[in-house]
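Listed below are the residues making up each chain.
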Amino acid sequence: MKMKKILVASIAALMGVTVLTACGKSNESGSGDNLPKARFKADPKTPSWKKDKKHPASLTWYVNFDWYKRAEWGKDTVSAQIKKDMNIDVKFVVGNDDKLNTMMASGKLPDLMTFDRNLAVAKDAKKFALPLNKLSDRYDPYFEKSAAKPGTLKWYTESDGNIYGYPSFSTDAADYKAGNVVGDQAFIVRKDIYEKIGKPDMTTPEGFLDALRQAKEVSPKTDNGTAVVQFAATALDIQNGGDGAFGNTLQDFLNIPVTKNGKWYDRDSDPQYIAWLNIFRQAYKEGLMSNGQFADNDNTMKEKLSQGTYFAYLHSNVKGLNEFMGDNNTRNAKETYIAVDGPKNSKGQDPKFAGGSISGWTNTFITKNTKEPQKAMELLTYLASKYGTMVTTFGVEGKTYEMNNGKAQFTEDIEKLRNTDVATYDKKQGMGSYWEVSNDPYAISKGETPANTILQMVQWSSDKLAPRFEIENIDPTPGTSLARNLTALNTDRVQTMVKVLKASDDKEGQKIWKEYLTRRKNNNWDKIVQTRNDQVAKNIKKLK
Amino acid sequence: MENFPLEEQPMKKSLFKRLHDQIFYQSMIWPAVILMILFNFIPMYGLIIAFKDYTVLDTIGGAPWVGLSYFKEFFKDPLFWSVMKNTVGIAFWKLLIGFPGAIILAILINEVANAHFKKFVQTISYLPHFLSWVILGGMVITWLSDSGFINSLLMDLNLISKPIEFMADTHKYWGIAVLSDFWKEVGWGTILYLASMTAIDPSLYEAAKMDGATKFQQVIHITIPGIRQMISLNLILSIGGLLGSNLDQTLVLQNSLNYSSSEVLNSYVYKMGIKQGNFSYATAVGIFVSIISLLLVLLSRWGTRKISDKSVF
């Protein structure tokens, strides 16, 4: 009996504990209506940080990227200037998705958070973030009036009328019109080999394969004695459905439209695309591509680029090549890479790339946990504004750059440093390190150019850019079963690409790809297409 | 209980006294019990998110109930079944090779007469167990690479004309996983057997020798029956862990190309839950796996009891 009582009592105690844990995390229901009062009367014409210098603050900012490194706050030129301007200290914390999820679940959030806008938590921002529009109204109307981009604000206004996150690298239609956008895709070749084989036309299937074959003949070995691989493309990331450059990038090169008649267009089923996949298959079969294509990750492949391992390379992220191109040029300047015209569709049309999206890349939030909502808002205003963008992109006028005909130009030693020693440049100067909400197109308009190592590649794509805002954020909401279907499909898609490339002949390659296209139905493909079409329609309406 | 007041009476009287008498033993068991409640039972409360639409921004209690919808979803998920196939397949081979392998190795070691050589063999065979999969997996990957020593050896012996893509071939992954696991764990697996072999009465062997039994007959009729209890305990444990696939090994050996044959339940749950944030979905899969594992344990317990008419727990 006693035994039983003890048992019952301990179970009851157990339940009590669990119920308590359940209550442990209660969401504050702050919707931005009961924020502390502003320290002074804010003025839409002057950014509030100018008036708030007396109030010191220390903020913590979480950035969801392990690789995000900079010098300690105040130690590089840029953060020292921000500190001087604003009387603020920012402690950056970095991490990955695991850490982010744990943080969100615990409810203990830093003042500011930056992460990929496609994460499930970004869609639930109202649960943890303060509405930027309300913060702006109360503390810093300059943000909405002047600092933030109007097109971006409109795009980011949720159905409840609030704006929760502000993006990095957001580009609106006006930026495209003004030419303040840059492309990120290129088909690059090793200059010495390309010239040795007589600069052939590589835009047609025959020309492409012939050039690779000739390259193999004239230059079979790299400087360090390993075999030259004639063709490769951005690394695949099969487990996460990353298609490297074999999917969307190739489709962009072939100028396959993203929508047709206001509907999402299934580019994977386009005959032009399937035909070129099979050209790559032929290249693989003839030993013009290597197995490393399927095994190496992005970093390994880029390191091989810096060894001059590849003759031709189809790449989806030119900006990420800077350091590696620099290394390659230092190693052997004759073996530098240049962008040339790559695969084109059968009509010979130029490629068409997106030069940036209105949604941008990451979103930055001010959390409900912040004790310094005013200072946090001022910081975002500062970084998003034209003035702040100049600081984060070029540093301090007279010290790291000079204005010349309305364009900023780095001083000689800074320019030299960034083209030769990117690591020290990043650490000591910090230009480009505080991109979280900066106005990238404005920086371009003021003369921001990519480093010399990739300048030619970026310029090559500059006349091939067109916006495609209508297909942004059209995939099913992360965390839903439809989104899981899509993840499974994307993995299957890349695996199928590999199978096509490894197929023995054109017929088999075509068959494998067509089977995949049909197989998609098993994973709710029709519903996914429906979702995309609905979203495209909504986007077109929103953009009007 | 009320029906048996007479039998209950003496127990009731002496409970505290008995506890007091056992204070020494009790003090050893209670910390473990408390830790188990704290870390194994209380967190089980979180399992209810399998039946709820939980995101990290909700409280566990506050998330809306969705019933069995996550269970229904993964039952319909073709990927889940291919993951299941890999898990069961790899585990089955590991059991088939690793389980008797450890027993055979233990018997062999036991028969080694030279004490120094015995120690030497034991140490060598235990060694890989103490290295983590990150190190061991790295070694395996290097050895099996295009220019690794296995391919070089086979090429030099003219057995093959071009390197075999071990790590990139979906058909070879199971074999690699099973054999590398065997290499890592077989030595460690012998410890319990060797320990229970020392408990066998040496006079049995002497008697067998007198009767003219060969070494092999001694093994069959004395050694193996002597460690039977241990074999059945180990069998139950390994069958119970059949679905508890090896996460470390998978994460290290998995690559983009062998993905379709290397993804197992643990890595799948890890990816779905921790990496992609589908916590409810991953929990539902986890519960399902736990239930199957529990059934397997009960089944093998029942089976071994049938065979050895003694229960190990």
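Nothing here was measured: the structure is a model prediction, and the numbers come from that model.

Quick notes on the rules
- Residues numbered from 1 in each chain as written.
- Chains lettered and ligands numbered in written order.
- Predicted model: local features only at pLDDT ≥ 70, side-chain atom pairs only at ≥ 80, totals over all residues.
- Heavy atoms only, no water.
- Domains from an automatic or database assignment.
- Contact = heavy atoms within 4.5 Å.
- Buried area = accessible area lost by both parts, 1.4 Å probe.
- Salt bridge = Lys/Arg side-chain N within 4 Å of Asp/Glu carboxyl O.
- Polar contact = N/O pair within 3.5 Å; in protein donor to acceptor, adjacent residues only side chain to side chain.
- Helix = DSSP H or I, 4+ residues; strand = E, 2+ residues; numbered from the N terminus.
- Nonpolar A, V, L, I, M, F, W, Y, C, P; charged D, E, K, R; others polar.
- Patch = residues over 30% accessible without salt bridge, like charges linked within 9 Å, V, L, I, M, F, W, Y side chains within 5 Å.
- Areas by Shrake-Rupley, 256 points an atom, 1.4 Å probe, with all protein chains shown as cover.
- Buried < 20%, exposed > 50% of the residue type's maximum accessible area, 1.4 Å probe, protein only.
- Pairing = 2+ DSSP bridges.
- Axes fitted to C-alpha atoms, helices over the stretch in contact; angles between N-to-C directions.

Asker: Which residues make up the domain arrangement of chain A, and what values go with them?
Answerer: All names here are of chain A. Per the domain assignment, the segments of chain A are domain 1 (48-174 + 358-453) and domain 2 (186-352 + 474-543). Of note, the centres of domain 1 and domain 2, computed from C-alpha atoms alone, are 32 Å apart. Listed by partner, the interface residues are 10 residues for domain 1 and 9 residues for domain 2. Interface of domain 1 and domain 2: buried area, both sides summed, is about 840 Å²; carbon and sulfur atoms make up 64% of it. Joining domain 1 to domain 2, the criterion identifies 0 salt bridges. Run the count over domain 1 and domain 2 and you get 3 residue pairs in polar contact (both at pLDDT 80 or more). Those elements that provide at least two residues to the side of domain 1 that touches domain 2 are α4 (120-123) and α7 (150-156). The residue makeup of the side of domain 1 that touches domain 2, split by class, is 5 nonpolar, 3 polar and 2 charged.

Asker: Would you mind going over a nonpolar patch on the surface in detail, with residue names and values included?
Answerer: Residues and elements named next belong to chain B. Together, W143, F149, L153, L157, L159 and W183 line one region of the surface with nonpolar side chains, adding up to about 610 Å² of accessible area. By secondary structure assignment, the location of W183 is in helix α8 (residues 173-198). Look at W183 and you get partly exposed, because its relative accessible area is 32%.

Asker: Outline the interface of chain B and chain A, listing residues and values.
Answerer: With 33 residues of chain B at the contact, the number on the chain A side is 33 residues. In this assembly, chain B packs against chain A so that about 3000 Å² is buried in total across both faces, 58% of it on carbon and sulfur atoms. Considering only the surface of chain B that becomes buried against chain A, B:V56, B:L57 and B:S256 emerge as the three largest contributors, covering 22% of it. On the surface where chain B and chain A come into contact, there are 3 salt bridges. The salt bridge partner of A:K502 is B:E165, with a shortest N-O separation of 3.5 Å. Counting the contacts that link chain B with chain A gives 4 residue pairs in polar contact (both at pLDDT 80 or more). Looking at the side of chain B that touches chain A element by element, the count peaks at 5 residues for helix α14 (residues 265-275) of chain B.

Asker: Summarise the sheet that holds strand β6 (residues 229-233) of chain A; cite the residues concerned and give the values.
Answerer: Pairing between sheet strands relies on hydrogen bonds along the backbone, with the strands arranged either parallel or antiparallel. Residues and elements named next belong to chain A. Across the sheet, which stays open at both edges, the 4 strands sit in the order β6-β9-β5-β10 with mixed pairing between neighbours. Single-partner strands in this sheet number two, and they are β6 and β10 (337-339). Taken pair by pair, the neighbouring strands of this sheet meet at an average axis angle of 20°, ignoring direction. When strand β5 (residues 186-190) meets strand β9 (residues 310-315), the two strands line up antiparallel, connected through 4 bridges. Counted as the bridge partner of F187 is L314 from β9. Those strands touched by helix α14 (residues 298-305) are β5, β6, β9 and β10, and its axis lies near 140° from that of β9.

Asker: Can you lay out unusual backbone geometry for me, pointing to particular residues and giving the numbers?
Answerer: Working note: non-glycine residues mostly have negative phi, and peptide bonds are mostly trans. Backbone geometry at A:N87 places phi at a positive 55°, although glycine is not the residue there. Looking at the secondary structure, you find A:N87 in the loop between α2 (77-86) and β2 (88-94).

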